[in-house]
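# Fold and contact review
Chain by chain, the residues:
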Amino acid sequence: MNILDKIIAHKKKEVSEKSSLVPVKLLEKSIYFESKVVSMKKYITREDKTGIIAEFKRKSPSKGDININASIEKVSIGYMQAGASALSILTDQEFFGGKNEDLTLVRKFNYCPILRKDFIVDEYQIIEAKSIGADCILLIAAALEPNRLKELAAFARSLGLEVLMEVHDVEELDSAVNECLDLVGVNNRSLKTFEVSLETSFSLVDQIPSDFVKISESGISNPQTLVDLKDAGFDGFLIGENFMKSGRPQQAAYNFIKEYRNLISQKLGITRG
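Residues numbered from 1 in each chain as written. Predicted model: local features only at pLDDT ≥ 70, side-chain atom pairs only at ≥ 80, totals over all residues. Heavy atoms only, no water.

## Focus: the pattern of salt bridges
- Scanning the model with the defined rule gives 20 salt bridges in all.
- With a shortest N-O distance of 3.3 Å, Asp102 and Lys99 are connected by a salt bridge.
- Each member of the salt-bridge network shares a partner with another, and the members are Lys11, Glu14, Lys18, Asp92, Arg116, Asp118 and Glu128. (Salt bridge = Lys/Arg side-chain N within 4 Å of Asp/Glu carboxyl O.)

Below is the structure:
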C-alpha cells in the first residue's frame, strides 16, 4: 500500500466518524455556507497578480515536520501582502498537521480565494469545505474513479465552489477531465513515491484543454522556473514547502515574488527593446 492509498483509507474512516458526530444540517448553519465564493480562476488570471497559490503546510509524509510552530494568521496575511494570488490551506490532520479551524481563521483575515487542500472522497467533505469558508476544493484524479470525480465536481459546483483537479500523468488527465472543473493542476510530486520532476508539468501543459486555468504544483523553488512555466502556458503555480521551510514563510514568499517580478520586468524590457 503506497502513501496515497494509506491516506485515502484513513480519510474514508475519518469521514464516516465525522459525519456521525457533525451532521450536514449543522454544517449548513455556518455563516459561510450562504456566502458567495471568491473566484480562484479569476484571481489566478488577473494581470496585476502573480498567479501564485501560496500554501500553508506544517508537515508532510515525505518531509516530516516542516514548520510546526508557524502562525497561520501571520503567514497567510504575509503571503497576500507579498503578492500571492490565492491561498492553499492543508486541513488534513493525520498526515499534514492541518485542521479545519486553520482555514476558518485564514478566511477571517483574508479576502482572497482559499483552496481547501485535502483528500476529498465524499460529498460530506465538500459541504464541510463550504461551511469552513473555502472557495475552491481539490479533487485528486489518482484517488478517484473518473465518474466519481465528476460527481463530486458537479456537487461542488452546485454549492458554488470552484474545483481544482490534480493529475500526475496524461492517462489521469485524459480519463478524468470533465466540464465540471475550473482549474487543472499538474502535481510534479508523485503521491505514490513522492519523487519530484518539473518535467511532469512541461510535458502535460499542452495536453490540458484551454478551457481550464492551468496550475503547476509542487517542487518549485526558483523564480526563474515560474517564468519558464508561464512561458510554457501555465497560469498559476502552487508553492508551499519552499516558503514553509523558512523560519518566516511570509518573508520567503516576499523575496521570491520580488525576484519573480524583477525577472518578468527584465523579460518585458528585453522584448520591448
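Once you've had a look at it, read on.
## Side note on the packing of aromatic side chains
- A full pass over the atoms with the stated rule returns four aromatic pairs.
- Seen in terms of ring centroids, Tyr79 and Phe243 are 5.7 Å apart; in terms of plane orientation they differ by 50°. Their pairing is tilted. Pair noted here: Tyr79 is in helix α4 (residues 72-82) and Phe243 is in helix α11 (residues 241-244), with a separation of 164 residues, a long-range link.
- Look at Phe237 and Tyr260: their rings are 6.4 Å apart centre to centre, the planes differ by 70°, and that puts the pair in the edge-to-face class. Separated by 23 residues along the polypeptide, Phe237 in strand β10 (residues 236-239) and Tyr260 in helix α12 (residues 249-272) bring together distant segments of the chain. Here the two residues Phe237 and Tyr260 agree in accessibility, since each one is buried.
- Within the aromatic cluster, the residues linked to one another by ring pairs are Tyr79, Phe243 and Phe256.
- The positively charged end of Arg46 is found above the aromatic ring belonging to Tyr43, 4.9 Å away from the centroid. (Phe/Tyr/Trp six-rings, centres within 6.5 Å; stacked < 30°, edge-to-face > 60°. Helix = DSSP H or I, 4+ residues; strand = E, 2+ residues; numbered from the N terminus. Buried < 20%, exposed > 50% of the residue type's maximum accessible area, 1.4 Å probe, protein only. Lys NZ or Arg CZ within 6 Å of the ring centre and 35° of its normal.)

## A look at the environment of Ala141
- Within the element layout of this structure, Ala141 appears in the loop between β6 (136-140) and α7 (146-158).
- Note: C-alpha distance between Ala141 and Lys11 (130 residues apart in sequence) is 16 Å.
- In this structure Ala141 touches Leu149, Met165, Glu166, Val167, Glu172 and Ala176, once residues within four positions along its chain are discounted. (Contact = heavy atoms within 4.5 Å.)

## Re the layout of surface pockets
- Quantified by volume, the largest pocket comes out at close to 360 Å³.
- Residue lining of the largest pocket: 27 residues in total, with Glu55, Lys57, Arg189, Ser218 and Glu241 positioned closest to the centre.
- Residue assignment for the lining of the largest pocket shows that the elements contributing at least two residues are β6, β10 and α11.
- Here the residues of the lining of the largest pocket sort into 10 nonpolar, eight polar and nine charged.
- By volume, the second largest pocket is sized at about 250 Å³.
- Lining the second largest pocket we find 13 residues, and of these Glu47, Lys49, Thr50, Lys230 and Tyr260 sit closest to its centre.
- Per element, the largest residue contribution to the lining of the second largest pocket is three residues, and it comes from α12.
- Here the residues of the lining of the second largest pocket are counted per class, giving three nonpolar, three polar and seven charged. (1 Å grid on protein atoms, 1.4 Å probe; cavity = no way out; pocket = protein on both sides within 12 Å on 5 of 7 lines; lining within 4 Å. Points joined across faces, edges and corners; volume = space filled by probe spheres on them. Nonpolar A, V, L, I, M, F, W, Y, C, P; charged D, E, K, R; others polar.)

Interpretation in functional terms is not warranted from these geometric data alone.
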